[in-house]
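Residue-level listing of the chains:
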Amino acid sequence: MRTAYTSDQIRTAERALMATLPEGTLMSRAAAGLAAVCARLLTGVHGSVYGSRVVILAGSGDNGGDALYAGARLARRGAGVSAVLAGSRTHEGGLAALLAAGGRAGAFAEDRAADLVREADLVLDGLVGIGGSGALREPYGTLAGLAADTRGLVVAVDVPSGVDAGTGEVAGAAVRAQVTVTFGAYKNGLLIDPGAERAGAVELVDIGLGPYLPGPDVEALTGDDVVRLLPQAGVESDKYRRGVVGIAAGSDRYTGAAVLSVGGAVRAGAGMVRFVSSAEPVRYVRARWPEAVTTVLRDGAESSDASQASQAQGSDGSDDPLREVGRVQAWVLGPGLGTDARAHALARAVLAEDVPVLVDADGLSLVAGDRALLRRTAPTLLTPHAGELSRLLGVPRAEIEAGRLEHVRRAAAELGATVLLKGSTTVIAENGHPVRANTTGTPWLATGGTGDVLSGIAGALLAGGLSCYDAAACAAYLHGLAGRDAAGGGPDGRGRAPIAALDVALALPAAIRALTWASIGPGQ
Ligand SMILES: NC(=O)C1=CN([C@@H]2O[C@H](COP(=O)(O)OP(=O)(O)OC[C@H]3O[C@@H](n4cnc5c(N)ncnc54)[C@H](OP(=O)(O)O)[C@@H]3O)[C@@H](O)[C@H]2O)[C@@H](O)CC1
Ligand SMILES: Nc1ncnc2c1ncn2[C@@H]1O[C@H](COP(=O)(O)OP(=O)(O)O)[C@@H](O)[C@H]1O
Ligand SMILES: [K+]
């Protein structure tokens, strides 16, 4: 598990640790770790530290201090180090160390800074760290812009300047780093977009903070965590014990969503999928996924697919749309369902069942219009994208995208459900737990229908016995991994190409296999 913290949590832990150490020890550890990473990167881009050009963007606080001390270490190894002093003041010890090591420093002047940054092999962003707040003020904003034009690498110190360390929010200009060297522990903003995307690859330098950290504010599953949580097939398994997932999805207008949701469930390892819908989507689902057991709903009544079951409309004339469907351990409700009266009746019936229900897409619109549907005893997992959450919370979509952490938490609290907010970083909130941020995925997943696949994956895991919180996090992880694998290729697997949603479902077993192999190793 990767754990992350707010700035306040980090500061409290740092204070407790500092009280046990001679002054300056932590900054010295931080600078040593930072310099070691920079030396490795410089060797990669320049061939050696000696003779390389390093430019430090130094702000007024300790973040600038870290950068200046690290710069001193690099200067002693023969790098040409220049610092642009951008703040109203400068960390005195750090500046003295740099100058003593042969580095140079000068106050910010735009033309000079632009020339230095452009020609640098490595730009060290020490403008602000966890002490930053709000949009970057000048000249920091200008320097963040200049860093984008360097031909060298940009390395952020602790967090990319302009990224809110506690939330990942970016209020204006922000540094975009290839590598962020962070101290003591991950900060939330390194795991959640837009901040995560600005951070690039994150390297954690241990400064001894571990014992002083509280429970995390945000966490991210690793591949090993996912393997440990995933339901396994064993000798005692049968299709019922492995978990039957019911999927109520699709309409005559939207048949594809149903095919994709069922595909996600089939390929993620459901013991069995029971699919309920009107005639058209049932036809498509049966053609693509013969594994699914289907039930056709017609005109307020239902009749089962001739190949799978008998006539559904009972002699008692009951209008329970689920009466003939058979038992399931969890439901997926919503992809392509429509929002008409019949969809509403089906939603009411599914949400009345005493099993976990995942609500997605049109199911979320129905719930937004009738919150009473969420008054249930069994757990509910909602999987909105930002637009859907905007309707559920009555908050503009842009605000949700800019503040994903705040809004996913608020949704879980207000709606009394587990909430998985989709997007460039998928985040999952459940009251009383750290928010989980997903670290897999690729922007190529931004294509119609991939969310439907996700609903099926999570539904299969719910039916397999995982809690909403674990099912959501594992599904997001596997979905991201399968998306990446489907988009990837080429000799080293690092090529990227457009994908279709069905590719994600098809890539699932191989992605799970590779993950399991990596986690438990061959021969287990
Ligand atoms: N504590 C520890 O044990 C350890 C801490 N460590 C390091 O210390 C870092 C935290 O240092 P910190 O507390 O000095 O804050 P920091 O991030 O440098 O910036 C604060 C200054 O920035 C400014 N400023 C703020 N917002 C701004 C904006 N939007 N736009 C422009 N300027 C803005 C503001 O200054 P002012 O406005 O007064 O000029 C404020 O005073 C941490 O990230 C890590 O790198 C490591 O050495 C390990 C041990
Ligand atoms: N920029 C992005 N980077 C990574 N993943 C993304 C990005 N944009 C969207 N996704 C993922 O793609 C999926 C899209 O789901 P959704 O918006 O419900 O689409 P649809 O309704 O067409 O199925 C989600 O899992 C989401 O997290
Ligand atoms: K920084």
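Everything that follows concerns the structure shown earlier in this document.
Predicted model, so just to flag it, every value in this text is computed and none were measured. (Residues numbered from 1 in each chain as written. Chains lettered and ligands numbered in written order. Predicted model: local features only at pLDDT ≥ 70, side-chain atom pairs only at ≥ 80, totals over all residues.)

1. Side note on the site of ligand 1
Moving on, step 1. The local shell around ligand 1 holds 29 residues, among which Gly-61, Asp-62, Asn-63, Gly-129 and Gly-131 are the closest.
Moving on, step 2. Counting residues per element, the ones that place at least two in the shell around ligand 1 are α1 (7-18), α2 (25-46) and α3 (62-76).
Moving on, step 3. The dominant element in the shell around ligand 1, judged by the number of residues it contributes, is α3, at four residues.
Moving on, step 4. Its residues assigned to classes, the shell around ligand 1 comprises twelve nonpolar, twelve polar and five charged. (Near = placed C-beta within 6 Å. Helix = DSSP H or I, 4+ residues; strand = E, 2+ residues; numbered from the N terminus. Nonpolar A, V, L, I, M, F, W, Y, C, P; charged D, E, K, R; others polar.)

2. As for the packing of helix α5 (residues 110-119) against helix α6 (residues 140-147)
Moving on, step 1. At a closest axis distance of 9 Å, the pairing of α5 and α6 adopts a crossing angle of 30°. By the angle between their directions, the pair α5 and α6 is classed as roughly parallel. Seen along the crossing, α5 lies across α6 with a hand that is right-handed. Each of Glu-110, Ala-113, Ala-114 and Val-117 in α5 lies in contact with α6, whose residues at this interface are Thr-142, Leu-143, Leu-146 and Ala-147.
Moving on, step 2. Across the contact of α5 with α6, the residue classes tally to six nonpolar, one polar and one charged. (Axes fitted to C-alpha atoms, helices over the stretch in contact; angles between N-to-C directions. Parallel < 35°, antiparallel > 145°, perpendicular 65-115°, else oblique. Left-handed = near helix turned anticlockwise from the far one by under 90°. Contact = placed C-beta atoms within 7 Å.)

3. Overview of the sheet that holds strand β5 (residues 122-126)
Moving on, step 1. The parallel open sheet is built from seven strands, whose spatial order is β4-β3-β2-β5-β6-β7-β9. The sheet terminates laterally at β4 (104-107) and β9 (201-205), the two strands that pair on one side only. Each strand axis lies, on average, 20° off the axis of its neighbour in the sheet, ignoring direction.
Moving on, step 2. Relative to β4, strand β3 (residues 80-85) runs parallel, the two being bridged by four bridges. Bridge assignment links Val-84 to a residue of β4, and that residue is Gly-106. (Pairing = 2+ DSSP bridges.)

4. Side note on the site of ligand 2
Moving on, step 1. Residues in contact with ligand 2 amount to 18 residues; listed here are only the nearest, His-385, Lys-422, Leu-445, Ala-446 and Gly-451.
Moving on, step 2. If you tally residues by element for the shell around ligand 2, the top one is helix α17 (residues 450-463), at four residues.
Moving on, step 3. A per-class count over the shell around ligand 2 returns five nonpolar, eleven polar and two charged.

5. What about the packing of α17 against helix α18 (residues 468-487)?
Helices that pack against each other are described as a pair by the angle of their axes relative to one another and the distance between those axes.
Moving on, step 1. Running from N to C, α17 and α18 point in directions that differ by 135°, and their axes come no closer than 8 Å. If you check the angle between α17 and α18, you find them oblique. Judged by the twist between their axes, the crossing of α17 over α18 is right-handed. Mapping the contact onto sequence places Thr-450, Val-453, Leu-454, Ile-457, Ala-458, Leu-461 and Leu-462 in α17 and Cys-468, Ala-471, Ala-472, Cys-474, Ala-475, Leu-478, His-479 and Gly-483 in α18.
Moving on, step 2. Residues belonging to the contact of α17 with α18 are distributed by class as follows: twelve nonpolar, three polar and no charged.

6. Section: helix α14 (residues 386-393)
Moving on, step 1. Turning to α14, its buried residues number three or more, namely Ala-386, Glu-388, Leu-389 and Leu-392. The arc enclosing the buried residues of α14, seen along the axis, measures out at 155°, which places them on a common side. (Buried ≥ 20, exposed ≤ 12 C-beta atoms within 10 Å, placed from the backbone. Arc of directions from axis to C-beta.)

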